[in-house]
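Close look at the chain arrangement
Residue-level listing of the chains:
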Amino acid sequence: MLLKNLEDARILIDIVKKCKGDVFLRSLDKTEEFNLKSTLSQYMAISKLCAEHGEEYEIICMNPDDEVYMMQFFMRTR
């Protein structure tokens, strides 16, 4: 599971807000994609990341400069 608790979810959303470009959560098989800049999509994505198959998703930053924020998040939650 990517997210272990609600604090992780809050931190992820705070980081997404800092990003200048769009940020997507996408299933590895590319059948599902959620724009994390959308509040409704955030709720759906968080439920996916907290579910049993959370490791089957990846986060995609459309602006390469935003990837540093995601790296900080992953380093913090490991």
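Numbering of residues begins from 1 in every chain and follows the order in which that chain's sequence is written. Local features in this predicted model are restricted to residues whose pLDDT is 70 or higher, and side-chain atom pairs enter the listing and the counts only when it is 80 or higher, whereas totals over whole chains, interfaces and linings include all residues. Calculated side-chain values reflect all of the structure's heavy atoms, with hydrogen atoms and water omitted.

Quick word on the environment of Arg26
- In this description a helix means any DSSP run of H or I spanning at least four residues, a strand means any run of E spanning at least two, and both kinds are numbered starting from the N terminus. Turning to its location among the elements, Arg26 is positioned in strand E1 (residues 23-27).
- The class of Arg26 is partly exposed, set by a relative accessible area of 21%.
- Sequence separation between Arg26 and Ile59 is 33 residues, and the spatial gap between their C-alpha atoms is 6.3 Å.
- The contact criterion used throughout is that any non-hydrogen atoms of two residues lie within 4.5 Å. Look past the residues within four positions of Arg26 in its chain and what remains in contact with it is Glu32, Glu33, Glu56, Tyr57, Glu58 and Ile60. Note on exposure labels: buried denotes an accessible area under 20% of the residue type's maximum, exposed denotes more than 50%, and partly exposed covers the range between, all computed with a 1.4 Å probe on protein chains only.

Section: the pattern of salt bridges
- Salt bridges are counted wherever a side-chain nitrogen of Lys or Arg sits within 4 Å of a carboxyl oxygen of Asp or Glu. Under the definition given, this model contains five salt bridges.
- Of the charged contacts in the structure, one is a salt bridge between Arg26 and Glu58, with a shortest N-O distance of 3.5 Å. Taken together, the residues span a long stretch of sequence, with Arg26 in strand E1 and Glu58 in strand E3 (residues 57-61) at a distance of 32 residues.
- On the basis of relative accessible area, Glu58 is assigned to the partly exposed category, the value being 26%.
- Through salt bridges that share partners, Glu7, Arg10 and Asp14 make up one connected network.

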